[in-house]
Amino acid sequence: MNRLVYIIWDEEKLPIIQTDFESVLKHIDDIVAVAFETCIVAKNMNQFIQFDDRNRITEFNLERE
């Protein structure tokens, strides 16, 4: 299974990163430390995960019902 994800930060000057899900799991603390809000989009897994500055995690299923 292709577990490709995109990392998007709330700072517009930062690039969108494309990587694999396993790398995100391995380095999640470093990833969320980059900006106040971090979003991880895993299209093939139908997931959108948002980390905010209050340490809240919000997860959305991208699949339509």
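A. Structural detail: the pairing of strand β3 (residues 38-42). Counting buried positions along β3 gives five out of five residues, so the element sits mostly inside the fold. Neither face of β3 is left uncovered, since the one carrying Thr-38, Ile-40 and Ala-42 and the one carrying Cys-39 and Val-41 both have all their residues buried. Two elements, strand β1 (residues 4-9) and β3, share four bridges in a ladder whose sense is antiparallel. Each bridged residue has a counterpart across the sheet, and for Ile-7 the counterpart in β3 is Ile-40.

B. Representation of the side chain of Asp-52 in the model. Residue placement: Asp-52 occurs in the loop between β4 (47-51) and β5 (57-61). A polar side-chain atom of Asp-52 sits 2.9 Å from the main-chain amide nitrogen of Arg-54. Not counting chain neighbours up to four residues away, the residues in contact with Asp-52 comprise Phe-36 and Glu-37.

C. Main features of the pattern of salt bridges. Within the structure shown, the criterion is met by two salt bridges. Of the charged contacts, one joins Glu-22 and Arg-3 as a salt bridge, the two residues approaching to 2.8 Å between their closest N and O atoms. Taken together, the residues Glu-22 in helix α1 (residues 21-26) and Arg-3 in the segment before β1 connect sequence positions 19 residues apart. Looking at Glu-22, the relative accessible area reads 41%, which means it is partly exposed. Looking at Arg-3, the relative accessible area reads 29%, which means it is partly exposed. The closest approach of N and O atoms between Asp-52 and Arg-56, which form a salt bridge, is 2.7 Å. By relative accessible area, Arg-56 is classed as partly exposed at 46%.

Conventions and cut-offs
Residues numbered from 1 in each chain as written. Predicted model: local features only at pLDDT ≥ 70, side-chain atom pairs only at ≥ 80, totals over all residues. Heavy atoms only, no water. Buried < 20%, exposed > 50% of the residue type's maximum accessible area, 1.4 Å probe, protein only. Helix = DSSP H or I, 4+ residues; strand = E, 2+ residues; numbered from the N terminus. Pairing = 2+ DSSP bridges. Polar contact = N/O pair within 3.5 Å; in protein donor to acceptor, adjacent residues only side chain to side chain. Contact = heavy atoms within 4.5 Å. Salt bridge = Lys/Arg side-chain N within 4 Å of Asp/Glu carboxyl O.

Everything listed is a geometric property; what it means functionally is a separate question.
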